[in-house]
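Reading the structure
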Amino acid sequence: MISSRWSIGLATLLCLTLPLGEVRANPSTSETNICPPSLGSPALDRVQIHTIAQGETLEAIAQQYNLKPATIIGMNPILQTGQFPVGTQIRIPPFDGIEVRVEPGQTWSDLAAIYQVPGAAIFDNNGCLLSPPEVVFIPGVMWSEDGSSGGRIPVAPAGSQSPTPEIEGYPLAVRGEMILGYGNTRQEPQTGQLTFHSGIDFKAPIGTAVLATDDGVVAFAGDRGAYGNLVVINHANGKQTRYAHLGILTVMTGEQVQRAQQIGTLGYSGNPDSNEPHLHFEVRSSTQEGWVAQNPEPYLRSQILTP
């Protein structure tokens, strides 16, 4: 199982060149928050207090903290009434987003679907816990006022709507059963570590041909730590696909590939999560923060076999 780490302005993501150094498939966390140091503390633990001074405006305060005014309004109910009283202490988050109360039973994947934000972004910015706490911070989503209800409405940032299928191929020469889906967060029995699954695992026999799901350029082909033998393909429209735990690689970095072209064979390299041979498949999108993992299912929904 490969985990994904992303937070706005904080985490360093695997980029096109896949920088050298071990890529850990199962970074550790716990219910007391031991996210990797690069992620920092949970977003809500880094909220600052600002006292409104005479002559200050909401726009000036937002600019001071490199935030949008809507973010500050959403974090401070008194500002939602239109008041801006001098001397009032207001809460300032570390970056744009909204604070929301989690309904009982909701998972990280549920929150990702509701707010159309990568689940790994929410997971990493809220302590890397097995289950969401009662209140979480959703990065990149703007608060707005609903004139009919007076409540909060999450407004998804531009370009974050449900993806239009742009990757039409299937990553295996046979239909493989999905044995682990995107967004699963669970505890490793051997180590107690928590992991966020950033792709889909398809079970198939060792040696099964692994295929490019669309035309593109091979950005990386080789061994990459926990991913094992890995192929990364960059596609048009800012999309990227990753194929991990391969046996044999049949393409090289820089090579042009076409949809349905064989790029390797299914193997058991790296640190796979399951004892069953499988392909770990990811879809990522290019953003200003790097290559951000997305749920592959919308791209492959009609082609996925479930138990």
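Before any of the text, the structure's been laid out above.
The shown structure was predicted, so the numbers you read here are calculated from the model rather than taken from an experiment.

**Some words on the overall build of the chain**
From N to C terminus, the chain includes five helices and 18 strands. Expressed as a percentage of contacts within the chain between residues at least 6 apart in sequence, the contacts between residues at least 24 apart total 68%. Working note: accessible area of the chain is about 13700 Å², and carbon and sulfur atoms make up 51% of it.

**Regarding the packing of aromatic side chains**
If you walk through the whole model with that rule in mind, you get four aromatic pairs. Pairing tyrosine 243 with phenylalanine 281 gives two aromatic rings, centres 5.4 Å apart and planes at 55°, and the pair type is tilted. On the criterion of sequence distance, the pair formed by tyrosine 243 in strand 14 (residues 239-249) and phenylalanine 281 in strand 17 (residues 278-287) is long-range, its members being 38 residues apart. For the pair tyrosine 243 and phenylalanine 281, one class covers both residues: buried.

**Focus on the environment of leucine 79**
By the secondary structure assignment, leucine 79 is in the loop between helix 2 (69-75) and strand 2 (89-92). For the pair leucine 79 and leucine 58, spaced 21 residues apart in sequence, the C-alpha to C-alpha distance is 9.2 Å. Once residues within four sequence positions are removed from consideration, leucine 79 is found in contact with Ile52, Leu58, Ile72, Ile73, Phe84 and Ile90.

**Structural notes on the pattern of salt bridges**
Taken as a whole and judged by the stated rule, the model has six salt bridges. Residues lysine 68 and aspartate 96 are paired through a salt bridge, measuring 3.6 Å at the closest nitrogen-oxygen approach. Remark: aspartate 96 occurs in the loop between strand 2 and strand 3 (97-101) and lysine 68 occurs in the loop between helix 1 (58-64) and helix 2; sequence separation between them is 28 residues. Judged by its relative accessible area of 44%, lysine 68 is partly exposed. A single network of salt bridges, built from pairs that share partners, joins Glu177, Lys203 and Glu276.

**Some details on the nonpolar core**
Formed by 32 residues in total, the largest nonpolar core has its most connected members in Ile72, Trp108, Tyr115 and Ile138. Mapped by element, the contributors of at least two residues to this core are helix 1, helix 2, strand 2, strand 3, helix 3 (108-115), helix 4 (119-124) and strand 4 (135-139). Among all residues touching isoleucine 138, those that are not within four sequence positions of it are Asp96, Gly97, Ile98, Val100, Tyr115, Val117 and Ile122.

**A closer look at the side chain of aspartate 201**
For aspartate 201, the position within the fold is in strand 10 (residues 200-203). With relative accessibility at 1%, the residue aspartate 201 sits in the buried group. Among the polar contacts listed, one links the side chain of aspartate 201 to the side chain of histidine 197, at a separation of 3.3 Å.

**Things to note about unusual backbone geometry**
At asparagine 66, a position not held by glycine, the phi torsion is positive, near 60°. As for its placement among the helices and strands, asparagine 66 is situated in the loop between helix 1 and helix 2. Unusually for a residue other than glycine, alanine 260 sits at a positive phi of about 80°. Tracing the backbone shows alanine 260 in the loop between strand 15 (256-257) and strand 16 (262-266).

**Let's talk about the environment of leucine 300**
Structurally, leucine 300 is set in helix 5 (residues 297-300). Each C-alpha atom, one on leucine 300 and one on glutamate 168, is 7.3 Å from the other, the two residues being 132 residues apart in sequence. The residues touching leucine 300, leaving out its near neighbours within four places in the chain, are Gly169, Pro171, Phe202 and Phe281.

**Some details on the pairing of strand 16**
The buried fraction of strand 16 is high, at four of five residues. Inspection of the sheet shows strand 11 (residues 209-211) paired to strand 16 by three bridges, in the antiparallel sense. Paired with leucine 211 across the two strands is glutamine 262, which belongs to strand 16. Here two bridges tie strand 14 to strand 16, and the two strands are oriented antiparallel to one another. The residue of strand 16 that forms the bridge with leucine 249 is glycine 264.

**Details of the pairing of strand 2**
Side-chain alternation along strand 2 places Ile90 and Ile92 on a buried face and Gln89 and Arg91 on a face that remains uncovered. Sheet topology note: the strand 1 (residues 48-51)/strand 2 ladder contains four bridges and is antiparallel. What sits directly across from isoleucine 49, in strand 2, is arginine 91.

**Things to note about helix 3**
Think of an α-helix as turning once every 3.6 residues; residues three or four places apart then point the same way. Within helix 3 the residues assigned to the buried category are Trp108, Leu111, Ala112 and Tyr115. Here the buried residues of helix 3 occupy an arc of 100° about the axis, which is enough to place them on one side. One or two positions beyond helix 3, positive phi appears at glutamine 116, with a value near 55°.

Basis of the calculations
- Position labels on residues start from 1 in each chain and follow its written sequence.
- Two thresholds apply to this predicted model, a pLDDT of at least 70 for residue-level local features and 80 or more for giving and counting side-chain atom pairs, whereas whole-chain, interface and lining totals are computed over all residues.
- Side-chain figures throughout are based on the complete set of non-hydrogen atoms in the structure, without hydrogens or water.
- Each helix corresponds to a stretch of at least 4 residues labelled H or I by DSSP, and each strand to a stretch of at least 2 residues labelled E; elements are numbered beginning at the N terminus.
- Whether two residues are in contact is decided by their heavy atoms, any of which lying within 4.5 Å being enough.
- All accessibility values rest on the Shrake-Rupley procedure with a 1.4 Å probe; residue burial counts only the protein chains present in the view.
- Aromatic pairs are defined between Phe, Tyr and Trp rings, using the six-membered ring for Trp, whenever the two ring centres lie within 6.5 Å; interplanar angles under 30 degrees are classed as stacked, those over 60 as edge-to-face, and all others as tilted.
- Exposed residues in this analysis have more than 50% of their type's maximum accessible area, buried residues have under 20%, and partly exposed residues fall in between, with area computed by a 1.4 Å probe over protein chains only.
- A carboxyl oxygen of Asp or Glu within 4 Å of a side-chain nitrogen of Lys or Arg is what we treat as a salt bridge.
- As used in this record, nonpolar core signifies buried Ala, Val, Leu, Ile, Met, Phe, Trp, Tyr and Cys residues forming a set joined through side-chain atoms within 4.5 Å.
- For the purposes of these results, a polar contact is taken to be a pair of N or O atoms within 3.5 Å, where, inside protein, one atom must be able to donate a hydrogen and its partner to accept one; residues adjacent in sequence count only when each atom of the pair is a side-chain atom.
- We call two strands paired when DSSP finds no fewer than two bridges between them.
- Think of it as the arc spanned by the lines of direction from the helix axis to the C-beta atoms.

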